[in-house]
Amino acid sequence: MKKVKKVVAILKLNQKSNKKSLFIFFILGFFTEIINIMNVFLPAMFVQFLIDNKSKKFIAILLISMAILISISSFIVSILKLKITRDSKYLDNKMYCLLNKKAANLDYTKCLNEDVENLYFNAFDNIYHWQDIPILLLNYVLNKSITFVIMFIVFWRINFWLILFVVVTIIIDYVISKKEQKIKKKLNDELSQYTYKGKYLLDCLENYKIGKEIRIFDAKELLIKKYKEVSFNILKIEKRINKNNLLFSTTSKIIDVIRLFIIYLFAILKFREGNLFLSEFLIYISAITQMSNSFDDIIDCIFMINNALYYFDDFEKYLSIPNEFRHPLNLNSKKSENTPLIEFDNVSFKYPNSKEYAIKNISFKIFKNQITSIVGDNGSGKSTLIKLLLRLYDPNQGNIYFNGQNIKNFDYDYYQSLFSVTFQDYKMFCYSIKENIMFDKNIDNKKLEKVLNCLNLNDLIAEVGIHTNYTKRFDENGVEFSGGEEQKLAIARALYKDSKIFIFDEPTATIDPLAEYDLFKNIYELSKQDKTIIFISHRMGSTFYSDKTLVLDKGKIVENDNYKKLMKRKGLYKKMYESQAKYYK
């Protein structure tokens, strides 16, 4: 019953993507089987007409009519096959888009889950395995069954015991095929594991960004050695697969030969005894061959469908992963003049599968249009705070509020649209500079010029061109910026989005102190334009312009005040500042 439900689900997916597809599959199978059935009866019919001395004119007209009918049917089949090939690619793309849309909307916490990641890759790699189910079901199983029944009725009238023999050989064939599929599935699962490792190693060897480590640490021998090991294991499994295919296919062929030998022997003996007319003999031979082939095709299709449903499991499971963060709710505003824009209330959090808390009992408030810096050494919990604020994760304890409302009560997509963020591990895409800054948004030249001015990128972008491809991966004329210039491009992305809240996570990690000073000065001007700004850094440059600074140490806030007061306290902030003071003189 579960398998039937899965087949229905696949048919619905195909029907939803292309409403005419199922009808086309059925028509293709219908015309294909019409041709097969005509090929069984027509030769015998013409032989009988010749024996009965039918007029040559009658035979010629009938022959021409049948030739036209077969030609039309063959032409229709060719057209339908061409359309199905085109539609199949379209449907594949639709399924890939559906899968990737789910991936893009998946809760961030689930994206980092290794099991979910493996499920995605299995679903992505195997879409082609189950996309053929509609054509297998409608074009083969259904229509081949009709042909099988017709041939079975024809054959039944000739000899019961022989048809029983054929059915027994077909059942034996089925048992052998079932055993073959079981072994093949096991071997393919083993193969996919090594294939996945091989893809990773190839990516390492081809990825120019890893090239520095490979050369400096002479890692190529290790990677090549591991790739050879993986390739060797792949070849071993493929040999086992080929050996398995040879063994079972040979066994199946021997059974086919024995079956055909008995059938032909019986037919010849009956014909010699005068118990079969020549036309009956021809029908008999064609019918039994067609019946055997149809049954073999049906069995093959059933196994292919079973195999396809196994791969569809991963696709279905991935699409059914619940999005726990996306629950649009109606809000009753609790905002007042004294309500902070952002508030952490006794928040604690530890990452999945971690025993230690990344942050513990964190409480603070940020008001509208404030500039806030969050500083601390690496691993102090700075970036974790931002992931919680953006609701990439939910806290284990405590609550986070926005305008007096728990952030869990907001529509997830709306809430995230309130923030413009430059992440520490930002990602540049192999598309144009324009697309890297604004993605698919319409270009606003005045806004873009303002953003580039703020970051001193005008001259650079004017020189290379806003529509130039970034990186040379797909375009030999593409450009690549220095680390500092690329980081400014990532910041430009956030500024162009122009949300009410800006978050900069280590925005100057690859920028020299003087450029950092100018950048912070320009960003500071944004706060005068109804913007709230949050800096996360282990460097002190942003704190000069901040209304307050949160100092984190080992997941806890140890200081919370403005620059002048923090310097007077002679605590961790002052110690960190003095260790970097030479860069700000």
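Note: the structure precedes this text.
Residues numbered from 1 in each chain as written. Predicted model: local features only at pLDDT ≥ 70, side-chain atom pairs only at ≥ 80, totals over all residues. Heavy atoms only, no water.

## Section: the nonpolar core
- Formed by 33 residues in total, the largest nonpolar core has its most connected members in I342, F344, L389, F402, F419, I503 and I534.
- Residue contacts for I342: discarding those within four places in its chain leaves F364, K365, I366, L389, Y401, F402, I501 and I534.
- With 31 residues, the next largest nonpolar core counts I433, I466, L519 and I533 among its residues. (Core = buried A, V, L, I, M, F, W, Y, C linked by side-chain atoms within 4.5 Å. Buried < 20%, exposed > 50% of the residue type's maximum accessible area, 1.4 Å probe, protein only. Contact = heavy atoms within 4.5 Å.)

## Quick word on the packing of helix 15 (residues 445–454) against helix 17 (residues 483–497)
- Viewed as axis vectors pointing N to C, helix 15 and helix 17 meet at an angle of 140°, and their least axial separation amounts to 10 Å. By the criterion of interaxial angle, the relationship of helix 15 to helix 17 is oblique. In this structure, helix 15 meets helix 17 at a crossing whose hand is right-handed. The segment helix 15 lies against helix 17, with K447, L448, V451 and C454 engaging A492, L495 and Y496.
- Among the residues forming the contact of helix 15 with helix 17, the class breakdown is six nonpolar, no polar and one charged. (Axes fitted to C-alpha atoms, helices over the stretch in contact; angles between N-to-C directions. Helix = DSSP H or I, 4+ residues; strand = E, 2+ residues; numbered from the N terminus. Parallel < 35°, antiparallel > 145°, perpendicular 65-115°, else oblique. Left-handed = near helix turned anticlockwise from the far one by under 90°. Nonpolar A, V, L, I, M, F, W, Y, C, P; charged D, E, K, R; others polar.)

## Description of the packing of aromatic side chains
- Applying the stated rule across the entire model yields 23 aromatic pairs.
- Ring centres 5.7 Å apart and planes at 85° place the aromatic pair Y108 and Y393 in the edge-to-face group. Separated by 285 residues along the polypeptide, Y108 in helix 4 (residues 108–111) and Y393 in the loop between helix 12 (382–389) and strand 4 (397–402) bring together distant segments of the chain.
- The class for Y393 is buried, based on a relative accessible area of 4%.
- With 5.2 Å between their ring centres and 70° between their planes, Y415 and F419 make a pair best called edge-to-face.
- With a relative accessible area of 1%, Y415 lands in the buried category.
- The side chain of K360 reaches across the aromatic face of Y357, ending 4.0 Å from its centre.
- The ring of Y496 is capped by K447, whose NZ or CZ atom sits 4.7 Å from the centre of that ring. (Phe/Tyr/Trp six-rings, centres within 6.5 Å; stacked < 30°, edge-to-face > 60°. Lys NZ or Arg CZ within 6 Å of the ring centre and 35° of its normal.)

Note that all results are geometric; they support no functional claim without further evidence.
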